[in-house]
Amino acid sequence: MRVLIQLRPSPDVVAAVADPSAAVAPADVADGLPGVVLDDGFPPVAVPRPIPADPGGDPLSLNQPLRFSLAAEHASVLIRGEIADDEVTPRLTLLPATRRDVIAVHADPVIEAAPTCGGDGPVGDWRDVERLMCVPDLAAEGLDGTGVALAIVDTGIDTAHLSTVLDRPVTVDERRSWSPAGVTTPPGRHRRGHGTMCAFDALITAPRAPLLDYPVLLSQRQGGSAVDGLLSDAIAAYARLRQVLEEQPPESRALVVSNSWGSFSPRWDFPPGHPGNYSDNPAHPFNLILASLAEAGADILFAAGNCGRECPDARCAFPDRPITGANSHPRALSIAGVDTTGKRVGYSSQGPGRLAERKPDLCAYTHFAGSRAFGDSEPDSGTSAACPVAAGLVAAIRTRWPSTVLSPAQLRTLLRRTADDRSTVGYDHDYGYGIVDPAGVIAALRRRAARAA
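Predicted model, so just to flag it, every value in this text is computed and none were measured.

## Details of the packing of aromatic side chains
Part 1 of the reasoning: All chains considered together, the criterion is met by six aromatic pairs.
Part 2 of the reasoning: Judged by centre distance (6.0 Å) and plane angle (25°), the ring pair of tryptophan 178 and tyrosine 214 falls under stacked. In this pair, tryptophan 178 sits in the loop between α6 (159-166) and α7 (194-205) while tyrosine 214 sits in strand β10 (residues 211-214), placing the two residues 36 residues apart along the sequence.
Part 3 of the reasoning: Residue classification places tryptophan 178 among the buried positions, given a relative accessible area of 19%.
Part 4 of the reasoning: The class of tyrosine 214 is buried, set by a relative accessible area of 0%.
Part 5 of the reasoning: The structure contains a cluster of three or more aromatic residues connected by ring pairs, namely Tyr238, Trp261, Phe286 and Phe302.

Next up, the structure:
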């Protein structure tokens, strides 16, 4: 079984791991762990420590003000390895007992893209989405994504295809992009597919945003497919995104992270209640790193998933509450799907979520003719398409409203309050707070600017 091992080595080792200019090998952190085969291809990752604003607060509660410290005396370090399947249970007990520097052993579940189910044709096209997302009105306000880093965490981007479909140049910021170990294709030159679809859909509403290519779903695991990966690679990706954010000047700090993937099956996870569990555990390292990135100023969006009761994806194996782990994180927006008529698509996952009950947060548009990433007649579909459509709106807003002026928490609240409410009055687990409403967002931002003048 592949696992993530969290350790607290000496402060000098922690400092070296947290330093992006230093090269630290897994053996430098924890050599000789009994029964563990270390993965030398996975560089150690520093995990920040959550510290409650209230000294008496619970550091594992994500619904309270927290700061996250990467100081050498606070942070821990994550490495990846494998334990033989027949030794998993005894090793989970033995490692923390015999090595004082071992804090915990966590699941490293498979993460997979969220394509649609069924064979229905597209409902409308991307020009309809452009109209519904009020793109000309956003542009008139100067909200087009210019200068806003928009990270597509997925299977990689084919910019040549995007340029052809959009009939204009599309570029990827190679310096700020990142790839897992073993992925040798340059940023922006990956095979056309799921990640290219997501990039296209984000550019509908934020046509001038520079793209960052983070192909975490290009599987390097034995037996993996072309659209799955490991959560550990997402952890490493988010550590790099933290560096990207901190390199930006405070007056224009903006980073939007679009994630159209999730964990579909408990098979790859420890059970809920186990300290190494991911799906229900706010203390899993990825959930901590996500929270720290949001606290630092990033806007993070996740697809709600395609496990809706009417039309679940065949891989959906959670018997209930399928919005799991980071897809249900209180500091991320969980995006469900509606078609261009405003009708919820049957595969869109319903809440409640596992880390936060009120999930999904919002709906955005999906199942329309757009990127042609899977063929000329295939729609951009799934909550995989809805998520980047919403991420494009967030990137457009950030053009003139950086995170130091409008925090990620404030922006999440604004999007929820301006949403077009559907179904029952107020929040519900089908539509969340409703469909994103760019016209309402523009009006709210104008009022906010007037008050600040």
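## Side note on the nonpolar core
Part 1 of the reasoning: With 65 residues, the main nonpolar core has Leu150, Leu211, Leu301, Ile335, Ile397 and Leu415 as its most contacted residues.
Part 2 of the reasoning: If you look at the next biggest cluster of nonpolar residues, it comprises 39 residues, including Val153, Ile235, Leu245 and Ala332.

## What to know about the state of the cysteines
Part 1 of the reasoning: Overall, the coordinates contain one disulfide when judged by the stated rule.
Part 2 of the reasoning: One disulfide in the model links cysteine 307 with cysteine 316; its S-S distance is 2.0 Å. Taking the sign of the S-S torsion, about -90° here, the bridge from cysteine 307 to cysteine 316 comes out left-handed.
Part 3 of the reasoning: Relative accessible area serves as the criterion here: at 22%, cysteine 316 is assigned to the partly exposed category.
Part 4 of the reasoning: Cysteine 387 supplies the cysteine sulfur nearest to cysteine 363, a cysteine that is in no disulfide, at a spacing of 12 Å.
Part 5 of the reasoning: According to the relative accessible area criterion, cysteine 363 is buried, its value standing at 0%.

## A short note on the confidence of the model for the chain
Part 1 of the reasoning: This prediction gives the chain a mean pLDDT of 90; 93% of its residues lie at or above 70.
Part 2 of the reasoning: Across residues 222-228, confidence stays below pLDDT 50; counting only partners more than four residues off in sequence or on other chains, it has 17 contacts.

## Details of the sheet that holds strand β16 (residues 362-365)
Part 1 of the reasoning: Read from one edge to the other, the open sheet built from six strands follows the order β10-β9-β12-β14-β15-β16, with strand pairing classed as parallel. Because the sheet does not close on itself, it has two edges, and the strands there are β10 and β16. Each strand axis lies, on average, 30° off the axis of its neighbour in the sheet, ignoring direction.
Part 2 of the reasoning: Of the strand pairs in this sheet, strand β9 (residues 149-153) and strand β12 (residues 255-259) are connected by five bridges, and their pairing is parallel. Note on β12: the bridge partner recorded for alanine 149 is leucine 255.
Part 3 of the reasoning: Sitting on the sheet, helix α10 (residues 382-398) touches β9, β12, β14 (298-303), β15 (333-338) and β16, and the angle it makes with β14 is about 165°.

## A look at the pattern of salt bridges
Part 1 of the reasoning: In total, this model carries 22 salt bridges according to the counting rule given.
Part 2 of the reasoning: Taking the shortest distance from any N to any O, the salt bridge between aspartate 233 and arginine 80 comes out at 3.3 Å. Linking aspartate 233 in helix α8 (residues 231-246) with arginine 80 in strand β6 (residues 76-82), this pair joins segments that are 153 residues apart in sequence. The pair aspartate 233 / arginine 80 is uniform in exposure class, with both members buried.
Part 3 of the reasoning: A single network of salt bridges, built from pairs that share partners, joins Arg2, Asp39, Arg80, Glu82 and Asp233.

Thresholds, definitions, all that
Residues numbered from 1 in each chain as written. Predicted model: local features only at pLDDT ≥ 70, side-chain atom pairs only at ≥ 80, totals over all residues. Heavy atoms only, no water. Phe/Tyr/Trp six-rings, centres within 6.5 Å; stacked < 30°, edge-to-face > 60°. Helix = DSSP H or I, 4+ residues; strand = E, 2+ residues; numbered from the N terminus. Buried < 20%, exposed > 50% of the residue type's maximum accessible area, 1.4 Å probe, protein only. Core = buried A, V, L, I, M, F, W, Y, C linked by side-chain atoms within 4.5 Å. Disulfide = S-S within 2.5 Å. pLDDT = per-residue confidence, 0-100. Contact = heavy atoms within 4.5 Å. Pairing = 2+ DSSP bridges. Axes fitted to C-alpha atoms, helices over the stretch in contact; angles between N-to-C directions. Salt bridge = Lys/Arg side-chain N within 4 Å of Asp/Glu carboxyl O.

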